[in-house]
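Reading the structure
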There are 2 protein chains.
Amino acid sequence: MKLAASLAIAAAACALAAPASAQFAKPEDAIKYRQSALFVMAQHFGRIGAMANGRVPYDAKAAVDNAEVVADMAKLPWAGFGPGTDKGLSTKAKPEIWSEQARFKEHSDKMIAETGKLLVAAKTNNLDTLKAAFQSTAGSCKTCHDAFRSQ
Amino acid sequence: MKLAASLAIAAAACALAAPASAQFAKPEDAIKYRQSALFVMAQHFGRIGAMANGRVPYDAKAAVDNAEVVADMAKLPWAGFGPGTDKGLSTKAKPEIWSEQARFKEHSDKMIAETGKLLVAAKTNNLDTLKAAFQSTAGSCKTCHDAFRSQ
């Protein structure tokens, strides 16, 4: 009974995990995919940061355009962290991503939520609102990197 | 007069070019950005291709989800082909991208249009319609790669 239950749980876990990992032909593709999505997102997020920090003049339309890309991209990387994608290409991903999946998902869900709020903030066309949302989103990036990305 | 006119054209060209190249801290970032955006797009496009070619069962919702990412991503890479981004990182981009900018833009505009049609086709929930749009979009990828990407 104990074994049967364990097998049932294992089978359920595989079934849940299969779609994400099956999306990629090989682990290298999954790693390259998540790194690519995060890099594209970071470029657009950085442009909002430059406005929030006063390095470039505030441009309300550019802020919205960039926040839209950030919010879209924020949904993508996580499919690239499927089982078996901890190695295969140079990666800073820590083993904790796979050993503490629930905690990792909390962080990624939080980041998705923060980028959604960032887009709402950008659409207010108010620089102070944008600054606050940028700081909050940047905080969610940092918290996750501290926990799950090696230096 | 001739020189003045040339200088005016050159100044206008610089002014037009500046925003795109100024978005990136260095040419390497622009190259990595366009490669990343194209890689993410290709992963999602490949999933539609797998359905169109019968390698995986047709899933109407998955087709729409993937087509949405493809259509979003298709708009991004082109900002990464600004002046001075022909080298700095390993790239298959041919010099013709910069020496024949109008033709390159025709190809990228065509690709953006095709991915828009692909999304519309995916939303019809009809596999044959999706197949036709996939072939047409794939054709626009190939035409541009043949002209502007080295093997």
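Residues numbered from 1 in each chain as written. Chains lettered and ligands numbered in written order. Predicted model: local features only at pLDDT ≥ 70, side-chain atom pairs only at ≥ 80, totals over all residues. Heavy atoms only, no water.

Some remarks on the overall build of chain A
Secondary structure summary: chain A contains six helices and zero strands in total. Helices (α) and strands (β) of chain A occur, in sequence order from the N terminus, as α-α-α-α-α-α. When each of the 151 residues of chain A is scored for burial, the buried share is 38%. The contacts of chain A with a sequence gap of at least 6 include a subset with a gap of at least 24, amounting to 74%. (Helix = DSSP H or I, 4+ residues; strand = E, 2+ residues; numbered from the N terminus. Buried < 20%, exposed > 50% of the residue type's maximum accessible area, 1.4 Å probe, protein only. Contact = heavy atoms within 4.5 Å.)

Describing the nonpolar core
Among the nonpolar cores identified, the biggest contains 75 residues, and Met73(A), Leu76(A), Leu118(A), Met73(B), Leu76(B) and Leu118(B) are the most heavily contacted of them. Excluding anything up to four places from it in sequence, Leu118(A) contacts Phe45(A), Ile48(A), Ala67(A), Val70(A), Leu130(A), Ala133(A), Phe134(A) and Thr137(A). (Core = buried A, V, L, I, M, F, W, Y, C linked by side-chain atoms within 4.5 Å.)

Quick look at the packing of helix α2 (residues 27-52) of chain A against helix α6 (residues 127-148) of chain A
Residues and elements named next belong to chain A. Look at α2 against α6: their axes get within 9 Å of each other, and the N-to-C directions meet at 130°. In terms of orientation, α2 lies oblique with respect to α6. In this structure, the crossing between α2 and α6 has a hand that is left-handed. Side by side, α2 and α6 meet where Phe 45, Ile 48, Gly 49, Met 51 and Ala 52 of the first sit next to Leu 127, Leu 130, Lys 131, Phe 134, Thr 137, Ala 138 and Cys 141 of the second. Looking at the contact of α2 with α6 residue by residue, the class counts come to nine nonpolar, two polar and one charged. (Axes fitted to C-alpha atoms, helices over the stretch in contact; angles between N-to-C directions. Parallel < 35°, antiparallel > 145°, perpendicular 65-115°, else oblique. Left-handed = near helix turned anticlockwise from the far one by under 90°. Nonpolar A, V, L, I, M, F, W, Y, C, P; charged D, E, K, R; others polar.)

A word on the interface of chain A and chain B
A common measure of how large an interface is: the accessible area buried when the components associate. If you look at the interface, chain A gives 16 residues, while chain B gives 16 residues. When chain A packs against chain B, close to 1,400 Å² is buried across both sides, 65% of that on carbon and sulfur atoms. For the pair chain A and chain B, the number of links is four residue pairs in polar contact (both at pLDDT 80 or more). Of all the secondary-structure elements, those providing two or more residues to the side of chain A that touches chain B are α2 and α3 (60-73) of chain A. The element contributing the most residues to the side of chain A that touches chain B is α2(A), with ten residues. (Buried area = accessible area lost by both parts, 1.4 Å probe. Polar contact = N/O pair within 3.5 Å; in protein donor to acceptor, adjacent residues only side chain to side chain.)

Observations regarding the confidence of the model for chain A
All names here are of chain A. Model confidence for chain A is summarised by a mean pLDDT of 89, while 85% of its residues fall at 70 or above. The least confident element of chain A is helix α1 (residues 2-22), whose mean pLDDT is 44; the most confident is helix α5 (residues 101-123), at 98. A low-confidence stretch, residues 3-21 stays under pLDDT 50, and its non-local contacts, those more than four residues away or across chains, total three contacts. ipTM for the predicted complex: 0.85, alongside a pTM of 0.86. (pLDDT = per-residue confidence, 0-100.)

Section: the packing of aromatic side chains
Under the counting rule described, the total for this entry stands at 14 aromatic pairs over all chains. Note on Phe81(B) and Phe104(B): the rings are 5.1 Å apart at their centroids and 70° apart in plane angle, and the pair reads as edge-to-face. Residue Phe81(B) is located in the loop between α3 (60-73) and α4 (96-99), and its partner Phe104(B) is located in helix α5 (residues 101-123); the two are separated by 23 residues in the primary sequence. You'll find Phe81(B) and Phe104(B) in the same group, each marked buried. Here the aromatic residues Trp78(A), Phe81(A), Trp98(A), Phe104(A) and Phe148(A) are joined through ring pairs into a cluster of three or more. Taking NZ or CZ as reference, Arg47(B) lies 5.8 Å from the ring centre of Tyr33(A), over its face. (Phe/Tyr/Trp six-rings, centres within 6.5 Å; stacked < 30°, edge-to-face > 60°. Lys NZ or Arg CZ within 6 Å of the ring centre and 35° of its normal.)

Points about α5(B)
All names here are of chain B. In this model, α5 (23 residues) spans 33 Å end to end at C-alpha, consistent with the 33 Å of a helix rising 1.5 Å per residue. Among the residues of α5, those classed as buried are Phe 104, His 107, Ser 108, Met 111, Glu 114, Thr 115, Leu 118, Leu 119, Ala 121 and Ala 122. Buried positions along α5 lie against α2 (27-52), α3, α4 and α6 (127-148). The positive-phi residue at the C-terminal boundary of α5 is Asn 125, with phi of around 60°. (Expected span 1.5 Å × (residues − 1).)

Structural notes on the relation of the copies chain A and chain B
Of the two same-sequence chains, chain A is brought onto chain B (RMSD 0.0 Å, axial shift 0.0 Å) by a rotation of 180°. As the rotation angle and translation indicate, the two copies are arranged about a two-fold axis. Rotation axis and chain A: the residue whose C-alpha lies nearest the axis is Ser36(A), separated from it by 2.2 Å. Interface overlap between copies is the fraction of interface residues in one copy that are interface residues in the other; for chain A against chain B it reaches 100%, indicating a shared surface. (Least-squares fit on C-alpha atoms with pLDDT ≥ 70 in both.)

Points about the side chain of Thr85(B)
Residues and elements named next belong to chain B. As for its placement among the helices and strands, Thr 85 is situated in the loop between α3 and α4. Classification of Thr 85 by relative accessible area gives buried; the value is 5%. A distance of 3.5 Å separates a polar side-chain atom of Thr 85 from the backbone oxygen of Gly 80. In this structure the side chain of Thr 85 is engaged in a polar contact, spanning 2.6 Å, whose partner is the backbone oxygen of Gly 82.

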